[in-house]
Every structure is written in C-alpha cells, then in structure tokens.
Amino acid sequence: MVTAYITGIEVVLPNKSVNNQELENVLGLINEKPSRSKNRILKNNGITSRYYAIDPQTGKPSHTNAQLTAEAVRTLSRNSHFPLEEIDCLVCGTSSPDQLIPNHALMVHGELGCPPCEVVATIGVCCSGMTAFKYGYMSVSSGLSKNAVTTGSEVASSAFRGVYFQPEIEAKIQDLEAKPIIGFEKDFLRWMLSDASAAVLITDTPRSDGISLRIEWVEIVSFANELETCMYAGAIKKADGSLQGWRAAENPQEVWQESYWALKQDVKVLGENIISYGIQKGFAQIRDKYNLKPNDITWYLPHYSSEHFKQPLYDDLVEIGFEITFDKWFTNLPYKGNTGSASIFVMLEELMSSGKLERGDRIFCLIPESARFLYAYMLLTAV
C-alpha cells in the first residue's frame, strides 16, 4: 500500500455570514409568522452565524450545489498549484444534490469542464463527505490513482425557504389554532444546517513547501442494523418507526401536502442514541483495533450539530477511559455553522491555516451521521 497524504484543503462559504437576527429575513417566514422554536434551538446549538447560498436581496438561490463545489475545486487547484487537467479521480459527497439524476459528482465534473477522469458520487448526510474522502484515499493508497480530489458540500438552505412549506400550510389551515403548522422535527433543522463546500487534494507524496497530513486510517461503522431511522427526506415516518417513501404516496398532491421532501429529524431517537453509539460502541472498537491512547492525540476534531452535545461527548469518552481534555478540541461550529458533509473539512482547513499545527501533531476526527447512525473516524499526522 502507498502512503497517502492530504496536501491541500480549500473551503468556500457562500455570500456574507448571516447572524441569528437575520435568519428569517433570508430564509423567509412560514405562514408569515416567526418560528416558535427558533430562539430555543439557537440557544442550545450555540451557532451565532452561518452562510447561505441565498441572495439576501431576492431570497433566491445564489449557487447550485454543483457550482459551489466546483468553486472549491477551482480554488484548491489554484492555491495548491495543481492543474485541473491532472485530476485522476474526482469523488464528491453531499446530502443535498441539485437533482436525483445525474449524480452530484458528474454535475461537478460538468461545471469544471476538466478532461475525462474517474468520477464517483457518494450520498448520505454528514458522513457522505467522509465516504467520498475514503474512496479517494483508497484509490491513491492502492496505487490505482496518483491523486484524488474529494469534496463534501451542502446547499441545504434552498430547501428551508419558507415557500417550500406553503403547500403543507394550506392543506392544514383548519388546524391553525390548534397546533403549530410545521412540526418541530421540520422546523428544528431550519436553524441547525447551513451551506459550504470543501475540496481536498490527496496525493502519494507530501508537499515540499508546507505541512501535509498523512492519512493513518479511516474507519466507517454503521449501526443501521440496530437502530431505526432518525433523519430522513423524501419520506414520512410511520408510527412503527418505518419509512414510507414518496413513491408510495397515494397521489402527487399528498407528497407536497405532507412535506415528504422536507428534511426531518426524530429528535427523541437522536438524543437517546447519537452519542452512546458513536463513543461507547463505535469508537470503543476502533480504539481497541488500533490500540489508540488519549496521549496519542494532539488535536480532536469532533463534528457535532450543537454545543448541547459537547459535554455528553466528553463524558462518554471519560466513561470508556479515553479522556480528551477540552484544550485539545477544535471546532468552528459557532461562527461557521453546521455544514453537514463539509463540516469536518471546514474544521481541518481552519486548523491547517491557523498556524497552530506542528509536524508530528496527530489529529483525530469523529463524524457522526444521524440518518440511520453511521459514524466515521479518522486519524491524521502532520508531516
């Protein structure tokens, strides 16, 4: 196996940052009324600003996901002095593609207009950027490719605009006085997710003019065999925990009236399982597999959606005998937001650019995905 290295990371955050007071001005009100849950959710998640691919003047999308992703790849090419023409393997992950078919990676390749190369798309939620990254890593480390460019990107905001909830409002107008029109599981995510794209260059040799990150290992573990669905779109969740997909709807009108396409999250299932399965089950087996010790880690980059989860994450690590003190933690959630599949790379890019990273430092990354409880773990060494 060939040793593979991260030799470049670039991030694109669309438009100007949006603070908490500006949120509903950009996304739009639902039923012309402020959200009942927004302030409570923002207080818990600790996010004070984020970025949206929405023109704040018109309220219309300013970028497609493919355009935003291509912009990150072009920036990577320019700043890493790596011509687009030399890409061997392009792998793109997202949970918010612009369409079902063609796949997201092919649309990015079309935007780039670079020569023919291997192109692969991965789908999921927060781990889709990591599954794309692992494919690129495996391609380089196996010797099948000299290099790979992998991406994680999200343009979640376009689906959270108020206008997209109007058909459901109109279908349930009679219930207006009895209960909130939009269920908490839908409104919740409007204040949790934002937009970004990140592109990563993986090569078989390190940089000669700066720090590279040697990829020690990447592990991905699913617990879908044990747990029901937590986050979903294109479906509704039935009382028994199973999903009914949009193709099973009685008629097309039902799809819009019941907001099948809205991204939803079962917060009860989330709270009961996301930390314990990620640490006590998933990480515990990874720790044992690699004989990993707390002192082996210089920097800990946990992707979490809310500051609410920070202390429980720490407590569960302590419970399995793997305390990572807070001085080793690195996150930019409060001011760059939760950007899903791009988040871990948004953090890595900032750490690499901060001047804090030294050769020999070891970086441990944890990426949970609540869709049906998939977890990614990664160890990197600065060289």
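Please read all numbers here as calculations on a predicted model, not as lab measurements. (Residues numbered from 1 in each chain as written. Predicted model: local features only at pLDDT ≥ 70, side-chain atom pairs only at ≥ 80, totals over all residues. Heavy atoms only, no water.)

1. Observations concerning the packing of helix 9 (residues 267-290) against helix 10 (residues 310-319)
In contact at an axis separation of 9 Å, helix 9 and helix 10 are set at 25 degrees when each is read in the N-to-C sense. Classified by the interaxial angle, the pair formed by helix 9 and helix 10 is roughly parallel. The hand of the helix 9/helix 10 crossing is right-handed. On helix 10, the residues that touch Ile275, Ser276, Ile279, Gln280 and Phe283 of helix 9 are Pro312, Leu313, Asp316, Leu317 and Glu319. Considering only residue class, the contact of helix 9 with helix 10 consists of six nonpolar, two polar and two charged. (Axes fitted to C-alpha atoms, helices over the stretch in contact; angles between N-to-C directions. Helix = DSSP H or I, 4+ residues; strand = E, 2+ residues; numbered from the N terminus. Parallel < 35°, antiparallel > 145°, perpendicular 65-115°, else oblique. Left-handed = near helix turned anticlockwise from the far one by under 90°. Contact = heavy atoms within 4.5 Å. Nonpolar A, V, L, I, M, F, W, Y, C, P; charged D, E, K, R; others polar.)

2. As for the side chain of asparagine 338
Along the chain, asparagine 338 falls in the loop between helix 11 (333-336) and helix 12 (343-353). Relative accessible area serves as the criterion here: at 3%, asparagine 338 is assigned to the buried category. Looking at asparagine 338, its side chain comes within polar contact range of the main-chain nitrogen of glycine 340, at 3.1 Å. Sequence-distant contacts of asparagine 338, that is, excluding residues within four places in its chain, are made with Ile47, Met192, Leu193, Ser194, His303, Ser305, Leu333 and Ser343. (Buried < 20%, exposed > 50% of the residue type's maximum accessible area, 1.4 Å probe, protein only. Polar contact = N/O pair within 3.5 Å; in protein donor to acceptor, adjacent residues only side chain to side chain.)

3. Some details on helix 10
The set of residues buried in helix 10 consists of Leu313, Tyr314, Asp316 and Leu317. Down the axis of helix 10, the buried set is contained in an arc of 165 degrees. They therefore lie on one face. On its buried side, helix 10 packs onto helix 9, strand 13 (299-302) and strand 14 (362-369). After helix 10 finishes, the residue glycine 321 shows a positive phi value of roughly 75 degrees. (Arc of directions from axis to C-beta.)

4. Let's talk about the pairing of strand 5 (residues 118-123)
Inspection of the sheet shows strand 4 (residues 89-94) paired to strand 5 by six bridges, in the parallel sense. What sits directly across from threonine 94, in strand 5, is isoleucine 123. Where the polypeptide runs from strand 4 across helix 4 (residues 104-112) and back to strand 5, its parallel neighbour, the crossover connection is right-handed. (Pairing = 2+ DSSP bridges. Right-handed = clockwise from strand over helix to strand, strands pointing away.)

5. Notes on the nonpolar core
Within the largest apolar cluster, 59 residues are counted, with the highest numbers of intra-cluster contacts made by Met130, Phe133, Ile202, Ile215, Leu301, Leu348 and Ile363. Per-element accounting of this core gives the leading share, six residues, to helix 12. With sequence-adjacent residues up to four places away left out, leucine 301 is seen in contact with Phe330, Ile344, Met347, Leu348, Leu351, Ile363, Phe364, Cys365 and Leu366. Ile275, Tyr314, Leu317 and Ile324 belong to the second-largest nonpolar core, a separate cluster that totals 33 residues. (Core = buried A, V, L, I, M, F, W, Y, C linked by side-chain atoms within 4.5 Å.)

6. Re helix 9
Along its 24 residues, helix 9 runs 33 Å from first to last C-alpha, staying within 8% of the 34 Å computed at 1.5 Å per residue. Where helix 9 bends most, at tyrosine 277, the angle is about 40 degrees. (Expected span 1.5 Å × (residues − 1). Bend = angle between axes of the 7 residues up to and from the residue.)

7. Description of a negative patch on the surface
On the surface, Glu85, Glu86, Asp88 and Glu118 cluster together into a negatively charged patch. The residue glutamate 118 is located in strand 5 in this model. Given a relative accessible area of 34%, glutamate 118 falls into the partly exposed group. (Patch = residues over 30% accessible without salt bridge, like charges linked within 9 Å, V, L, I, M, F, W, Y side chains within 5 Å. Areas by Shrake-Rupley, 256 points an atom, 1.4 Å probe, with all protein chains shown as cover. Salt bridge = Lys/Arg side-chain N within 4 Å of Asp/Glu carboxyl O. Lys, Arg positive; Asp, Glu negative; His and termini not counted. Charge placed at Lys NZ, Arg CZ, Asp CG, Glu CD.)

8. Structural notes on the environment of glycine 152
By secondary structure assignment, the location of glycine 152 is in strand 6 (residues 147-154). The exposure class of glycine 152 is buried, given its relative accessible area of 0%. Once residues lying within four places of it in the same chain are set aside, the contact partners of glycine 152 are Gly93, Gly129, Ala196, Ser197, Ala198, Ser341 and Ala342.

9. A few points about the environment of arginine 74
Tracing the backbone through its elements, the reader meets arginine 74 in helix 3 (residues 65-79). In contact with arginine 74, not counting residues within four places along its chain, are Leu84, Glu111 and Leu112. Among the polar contacts listed, one links the side chain of arginine 74 to the backbone oxygen of glutamate 111, at a separation of 2.9 Å.

10. Examining empty space enclosed by the protein
Across all of its chains, the model carries one cavity of 30 Å³ or more by this definition. Empty space within the largest cavity amounts to approximately 70 Å³. What lines the largest cavity is simply Pro302, His303, Tyr304, Thr331, Asn332, Leu333, Gly337, Asn338, Thr339, Ser343, Val346 and Met347. Taken together, the residues that form the lining of the largest cavity break down as five nonpolar, seven polar and no charged. (1 Å grid on protein atoms, 1.4 Å probe; cavity = no way out; pocket = protein on both sides within 12 Å on 5 of 7 lines; lining within 4 Å. Points joined across faces, edges and corners; volume = space filled by probe spheres on them.)

By themselves, these are just geometric observations and shouldn't be taken as functional.
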